[in-house]
Amino acid sequence: MPDTTVLYDLSDFFKLMGDSTRIQLLWALEENEMCAGDLTELLGMTKSAVSHQLKILRSAKLVKAQKRGKNVFYSLSDHHVKTVLEMALEHVRE
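No experiment lies behind these values; they were computed from the predicted model shown.

What counts and what doesn't
Residues numbered from 1 in each chain as written. Predicted model: local features only at pLDDT ≥ 70, side-chain atom pairs only at ≥ 80, totals over all residues. Heavy atoms only, no water. Helix = DSSP H or I, 4+ residues; strand = E, 2+ residues; numbered from the N terminus. Buried < 20%, exposed > 50% of the residue type's maximum accessible area, 1.4 Å probe, protein only. Contact = heavy atoms within 4.5 Å. Pairing = 2+ DSSP bridges. Axes fitted to C-alpha atoms, helices over the stretch in contact; angles between N-to-C directions. Phe/Tyr/Trp six-rings, centres within 6.5 Å; stacked < 30°, edge-to-face > 60°. Lys NZ or Arg CZ within 6 Å of the ring centre and 35° of its normal.

Engineer: Report on the environment of Glu30, specifying residues and quantitative values.
Structural biologist: Residue position: Glu30 is located in helix H2 (residues 20–31). Taking the relative accessible area as the measure of exposure, Glu30 reaches 14% and is therefore buried. Through-space distance from the C-alpha of Glu30 to that of Val81 is 8.7 Å; in sequence the pair is 51 residues apart. Once you skip the residues sitting within four places of it in the chain, Glu30 turns out to touch Leu76, Lys82 and Glu86.

Quick look at the structure:
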């Protein structure tokens, strides 16, 4: 059995993943890195809503950001995030 602190962290992770807007952002970033403007267009959301959710995802270390010139490009933090998304989708589709 994992330590209680780890289990709380795991619970927090699933709370973050339980938001449909954040899931959409993560799926959008699964294949390609994108800037907030591109995500806004793709998802039909306001830039402030996208930025707010990206901030939450960055704080949780699910998304990383890289500044290039005036733009900030976002991508999934690592392959674990992609794996969790793919496994969850596979489970839901069964």
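After that view, the rundown keeps rolling.
Engineer: Just give me the short version of the sheet that holds strand S2 (residues 63–68), but keep the residues and values in it.
Structural biologist: One open sheet holds the 3 strands; their spatial order is S1-S3-S2, and the pairing between them is antiparallel. Strands with a single pairing partner mark the edges of an open sheet, and in this sheet they are strand S1 (34–35) and S2. Note: S2 against strand S3 (residues 71–76), 6 bridges, orientation antiparallel. Counted as the bridge partner of Arg68 is Asn71 from S3. Here H2 sits on the sheet and contacts S1, S2 and S3; the angle it forms with S3, its principal contact strand, is near 95°. Strands S2 and S3 of the sheet are contacted by helix H4 (residues 47–59), whose axis makes an angle of about 115° with S2.

Engineer: Could you give an account of the packing of aromatic side chains, with specific residues and numbers?
Structural biologist: Each aromatic ring pair is characterised by the separation of its centres together with the angle its planes make. Throughout the structure, instances matching the rule amount to 1 aromatic pair. Considering the side-chain rings of Phe13 and Phe14, the 5.2 Å spacing of their centres and the 75° angle between planes classify their relative orientation as edge-to-face. The partly exposed category is assigned to Phe13, whose relative accessible area is 23%. A cation over an aromatic ring shows up here: Arg68 above the ring of Phe73, its NZ or CZ 4.5 Å from the ring centre.

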